[in-house]
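# Structural features, examined
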Amino acid sequence: MSNYHIKHLEEYYQVYRKSIREPENFWEEVAEEHFLWRKKWENVLSWDFSKPEVKWFEGAKLNITENCIDRHLTTRGDKTAILFEPNNPNEPAEHISYKELSKRVNKFANVLKDKGIEKGDRVCIYLPMIPELAISVLACARIGAIHSVVFAGFSSTALSTRINDSDCKMVITSDGSYRGPKTIDLKGIVDDALEDCPGVQSVLVAKRIHSNISMTEGRDVWLQPLLDQASDFCKAEIMDSEDPLFILYTSGSTGKPKGMVHTIGGYMVYTAYTFKNVFQYREHDVYWCTADIGWITGHSYIVYGPLANGATSLMFEGVPSYPDFGRFWDIVEKHKVNQFYTAPTAIRALAKEGVDLIEKHNLSSLKVLGSVGEPINEEAWHWYNDNIGKKNSPIVDTWWQTETGGIMITPIPFVTPTKPTYATLPFIGIQPALMDEQGNELKGNQVEGRLCIKFPWPSMARTIWGNHERYRDTYFTAFENKYFTGDGALRDEVGYYRITGRVDDVIIVSGHNLGSAPIEDAINEHPAVSESAIVGFPHDIKGNALYGYVILKDTGESRDQNNLRKEINQIITEHIGPIAKLDKIQFTSGLPKTRSGKIMRRILRKIACNDTSNLGDTSTLLNPEVVQDIIDNAL
Ligand code: ATP
Ligand code: MG
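Rules used in this analysis
- Residues numbered from 1 in each chain as written.
- Chains lettered and ligands numbered in written order.
- Predicted model: local features only at pLDDT ≥ 70, side-chain atom pairs only at ≥ 80, totals over all residues.
- Heavy atoms only, no water.
- UniProt positions renumbered as here; feature names shortened; annotations may be inferred.
- Helix = DSSP H or I, 4+ residues; strand = E, 2+ residues; numbered from the N terminus.
- Pairing = 2+ DSSP bridges.
- Axes fitted to C-alpha atoms, helices over the stretch in contact; angles between N-to-C directions.
- Contact = heavy atoms within 4.5 Å.
- Buried < 20%, exposed > 50% of the residue type's maximum accessible area, 1.4 Å probe, protein only.
- Phe/Tyr/Trp six-rings, centres within 6.5 Å; stacked < 30°, edge-to-face > 60°.
- Polar contact = N/O pair within 3.5 Å; in protein donor to acceptor, adjacent residues only side chain to side chain.
- Domains from an automatic or database assignment.
- Buried area = accessible area lost by both parts, 1.4 Å probe.
- Salt bridge = Lys/Arg side-chain N within 4 Å of Asp/Glu carboxyl O.
- Nonpolar A, V, L, I, M, F, W, Y, C, P; charged D, E, K, R; others polar.
- Parallel < 35°, antiparallel > 145°, perpendicular 65-115°, else oblique.
- Patch = residues over 30% accessible without salt bridge, like charges linked within 9 Å, V, L, I, M, F, W, Y side chains within 5 Å.
- Areas by Shrake-Rupley, 256 points an atom, 1.4 Å probe, with all protein chains shown as cover.
- Lys, Arg positive; Asp, Glu negative; His and termini not counted.
- Charge placed at Lys NZ, Arg CZ, Asp CG, Glu CD.

Let us now look at the UniProt feature "domain: Acetyl-coenzyme A synthetase N-terminal" (unreviewed entry) in the protein. When the UniProt feature table is mapped onto this chain, "domain: Acetyl-coenzyme A synthetase N-terminal" (unreviewed entry) is found at residues 12–68. Secondary structure within residues 12–68 divides into 47% helix and 25% strand; the distance between the first and last C-alpha atoms comes to 26 Å.

Next up on the list: the sheet that holds strand β21 (residues 432–435). Spatially, the four strands line up as an open sheet ordered β21-β22-β24-β25, and their pairing is antiparallel. Each edge of the open sheet carries a strand with a single partner, namely β21 and β25 (497–502). Going across the sheet, the axis of each strand differs from the next one's by a mean of 45 degrees, ignoring polarity.

As a further point, take the sheet that holds strand β30 (residues 584–587). Across the sheet, which stays open at both edges, the three strands sit in the order β28-β29-β30 with mixed pairing between neighbours. Each edge of the sheet is formed by a strand with only one pairing partner; in this case those strands are β28 (529–539) and β30. Across the sheet, the mean angle separating the axes of adjacent strands is 20 degrees when strand polarity is ignored. Running over the sheet, helix α17 (residues 516–524) touches β28 and β29 (543–552) and is turned about 135 degrees from β28. Lying over the sheet, helix α18 (residues 561–575) contacts β28, β29 and β30, oriented at roughly 125 degrees with respect to β30.

Turning our attention to helix α8 (residues 186–194). The α-helix advances 3.6 residues per turn, and as a result positions three or four apart in sequence lie on the same side. Counting buried residues in α8 gives seven out of nine residues, a clear majority hidden from the surface. Residues of α8 that are buried: Leu186, Lys187, Gly188, Val190, Asp191, Ala193 and Leu194. Those residues of α8 that are buried are in contact with α7 (156–165), β8 (170–174), β9 (177–179), β10 (182–184), β11 (202–206) and β12 (220–222).

Right, let's get into the packing of aromatic side chains. Here the structure, examined in full by the defined rule, presents 45 aromatic pairs. Consider the rings of Trp37 and Phe57, whose centres lie 5.5 Å apart with planes at 50 degrees: the pair is tilted. With Trp37 in the loop between α2 (23–34) and β1 (43–48) and Phe57 in strand β2 (residues 53–58), this residue pair connects regions lying 20 residues apart in the sequence. Ring centres of Trp47 and Phe49 lie 4.8 Å apart, and the angle between their planes is 70 degrees; this geometry places the pair in the edge-to-face category.

So, on to the environment of Gly389. Turning to its location among the elements, Gly389 is positioned in the loop between α15 (378–388) and β20 (395–397). A residue is classified by how much of its surface remains accessible, and Gly389, at 3% relative accessible area, is buried. A sequence separation of 26 residues divides Gly389 from Leu363, and the C-alpha atoms of the two residues are 8.1 Å apart. Once residues lying within four places of it in the same chain are set aside, the contact partners of Gly389 are Leu369 and Tyr384.

Let's shift gears to the pairing of β11. Among the five residues of β11, five are classified as buried, and the element is accordingly described as predominantly covered. Of the two faces of β11, both are covered, the one formed by Ser202, Leu204 and Ala206 as well as the one formed by Val203 and Val205. Pairing of β11 with β12 involves three bridges; the strand directions are parallel. Across the sheet, residue Val205 finds its bridge partner in β12, namely Trp222.

Before going further, it helps to examine the side chain of Thr463. Secondary-structure assignment places Thr463 in strand β23 (residues 463–464). Note on Thr463: relative accessible area 17%, which makes it buried. Here His468 takes part through its side chain, which lies 2.7 Å from a polar atom of the side chain of Thr463. Dropping the residues within four chain positions of it, Thr463 is found in contact with Gly259, Met260, Val261, His468 and Tyr471.

Let's shift gears to the domain arrangement of the protein. Domain boundaries in the protein define domain 1 (9–319 + 399–489) and domain 2 (510–633). The interface is formed by 16 residues belonging to domain 1 together with eleven residues belonging to domain 2. Taken over both partners, the interface formed by domain 1 and domain 2 buries close to 990 Å², and the fraction arising from carbon and sulfur atoms is 49%. Along the contact surface separating domain 1 from domain 2 lie zero salt bridges. Seen at the junction of domain 1 and domain 2, the total is two residue pairs in polar contact (both at pLDDT 80 or more). In terms of residue class, the side of domain 1 that touches domain 2 is built from five nonpolar, eight polar and three charged.

The next point concerns the pattern of salt bridges. In total, this model carries 40 salt bridges according to the counting rule given. For Asp78, the salt bridge goes to Lys99, with nearest N and O atoms at 3.2 Å. Residue Asp78 is found in the loop between α4 (73–76) and β4 (80–85), and its partner Lys99 is found in helix α5 (residues 98–114); the two are separated by 21 residues along the sequence. Since its relative accessible area comes to 44%, Lys99 is described here as partly exposed. Here Asp220 and Lys187 are joined by a salt bridge, their closest N and O atoms 2.7 Å apart. A residue pair is termed long-range when its members are at least 10 positions apart, and Asp220 in strand β12 and Lys187 in helix α8 qualify at 33 residues. Taken individually, Asp220 and Lys187 each receive the classification buried, so the pair is uniform in this respect. Linked through salt bridges whose partners overlap, the residues forming this network are Lys187, Asp191, Arg219 and Asp220.

Next up on the list: the pairing of β1. Relative to β2, β1 runs antiparallel, the two sharing five bridges. Along β2, the bridge assignment pairs Asp48 with Glu53. From the end of β1 to the start of β2, which pair antiparallel, there are four residues.

Running from N to C, α2 and helix α10 (residues 264–278) cross one another at 85 degrees; their axes reach a closest spacing of 10 Å. Classified by the angle their axes make, α2 and α10 are roughly perpendicular. Touching Phe26, Trp27, Val30 and Ala31 of α2 are Val269, Tyr270 and Tyr273, all from α10. A per-class count over the contact of α2 with α10 returns seven nonpolar, no polar and no charged.

Here we take up a negative patch on the surface. Residues Asp185, Asp192, Glu195 and Asp196 make up a contiguous surface patch of negative charge. Secondary-structure assignment places Asp192 in helix α8. Judged by its relative accessible area of 45%, Asp192 is partly exposed.

Here we take up the side chain of Thr421. Residue position: Thr421 is located in the loop between β20 and β21. Side-chain polar atoms of Thr421 contact the side chain of Arg498, separated by 3.3 Å.

Structure follows, in C-alpha cells:
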C-alpha cells in the first residue's frame, strides 16, 4: 500500500476518512501488505463494547518475532537492530545487527524452553535497560510465553504483587544495575519479593555489575552459561492473532495497577504502522526513545514497532544526568540520532539546567522530536522546540495509554502543523468522541468534555489479567458503547485536540469544570516557576477551591513569597480567568511522582484536604520523602 507513509495533510485526511468509512478494508490492506502471516484471518474485526470483546484478524496465525527479526535477515541482516548505549560513556556502545539479534533471541528462547517454559506461561522480566531485556521479551514471544515486564525501579513489594497477580512461573533478572554513579542490588530485591511468590520456579540471572550475590540452589541460575550451550535456532511457535502477547501493569498514577493484556496480531499491525508514520522513519535513520522498556512506550516504540519496521532502535541504560546533564545530547551527537522521543518530565528537568551543555553538541542529525506521558506545558514545548529542535524538527506530542497499546492522537511530522500543548489530530483509524457528563456526544468544534473512543482499533488492550469485570467497569460502563480513556480534552476551532488532564483531576469551582493541565500551564509561564500541580479542596461557597503546589527555579536569589503568589494568580487570571485563581499556594522543593515521572495528584489532593491518614497505594512512588515534607509544610 503506497500510503504506508503519509506525506501531506491532504493525504492524511484522505487516508483518515477511508480508515473511518471502511475500517476493516483499511486495516486488512495494511496487515496484508506489510507483515508475514502463517495463515490469513477469517475475519478482520468483530467487536462488542458491552461485553467488552474485541477481536482483530481472527483465525490468523503468526509469530511476531518472525515479523520483527526473521523477515529482515535477507535484506537487513547486517543492519543494526539494537544500538546499546551503556550507562558509562566510556564503555563502548554495542551494535547488535538483525543477524546477531536473531541468534541471541533464538538461544534465549531455547533456554526458556529448557527451563520448562511453555506457550501461555507467564514470565516476569525485571531487568535494567540492557540488551538482555529486549532479547528476553522477544524470546518469550518466540515461544508464545506471555511476558510481564516490571520496571526495574520498582520495590520488592510492587514486584511481588505483580508476579503473583499474573502467576509468573519464572523471573528473569540481573545481578544488579547501573544507574548513573550508583549500582542497584536488583537480585536482592528479587530475593525479597520471592519470599511471597510461591509460584516462581526458576530465576535466570544475567551478569551486569559483577557483584557478589546469593544464588538460591535449585531456583537461581546464571544465564550466560545456558546461552552459551543453547542452539541458535528455535522454531517460532505459531500463534493465534488473538493470543496474549504480554501483560503490562499501568503506571499506577491513579490507584491499584491494572495488568493490561495485549494480543499479538492487532498490536503488531498498529504499533508498526504508527511507528513508521509518527516518526517518519526512513531506512538509514537512528531512532531513540528514552523510555524504559518497563513502560508501554518502551514495549511499543523501542521493541515491537521499530523492529517490525526493520529500524535501528537505540537503547540507553543510564540517566539524563550522568555524567552530567548533557548526556542525552552527547548520545544524539555520538550516534547521529534522527528521531528522539522523550517525556515532559525529562524535558523540564533538562530545561532547568540551562543551555550550555546543549551548545557543546552537534544536534543537526535530529529530524523529529517526540513527547509522551503527560501534557507538555507551553514553556517546556518552546524550550524543546528552540533549543533541541532549533525550530527545524517538528514536535510530535503523542497522546496514548498503556491500554491503547499505540499512539492515538498525534501530529504527523512535516504533515500536521503543530501547536504547543495540542496533541492535534487523531491518528489514522482512531475515532475520538468528547462526551458531556450526561452521556451526550459533543459534536462540532470548540467543545470540551470527556475523551472517549467510539470504535475499536487494532492495538487496544483486550482485558485486565484475571479481572475482566474490572476491565469493563473501568473503561466501558461510563459511556455506553464507548471506550472511556479517563482523560478530559478539548477540541479547538480547527478540530485539534488538547488533553486537559485526567478527569479525576478535574475540579469543579463554582460550577465550572477546571482541568489541571491548562492552569498548571499558566502557572509555569511565570519566570520563577519550574513546575506546579493543582488540586481541589472543599470550600463552603465555591464547592471547591484550588490549591497549588509550586516548585521554584533555583536562581539563588530569594523572593518574597506573597508577591510571587500575587503574580502567579495574575498570570492565571490573564490566561484563564479569575475563576481559576488559587486560594492557596504552597512552595515546595518537590512533587510526588510515579516512577515513570508523572505527578501523583491524588496524594496532593489528600494533603490539601487535610486527610493524610491513608494515602492509598504508594508503592509506585519514586520519591516518598517529599510527601512528608509537603505534609509538614501544608497550608
Ligand atoms: P494509571 O492508569 O495506573 O493511573 P497512568 O495513566 O499514568 O497510570 P499510562 O498508561 O502510562 O499510566 O499513562 C497514560 C496517561 O498519561 C494518559 O491517560 C494521560 O493522562 C497521560 N498522557 C500520556 N500522553 C500524554 C500526552 N501526550 N498529553 C497529555 N497526557 C498524556
Ligand atoms: Mg491510566
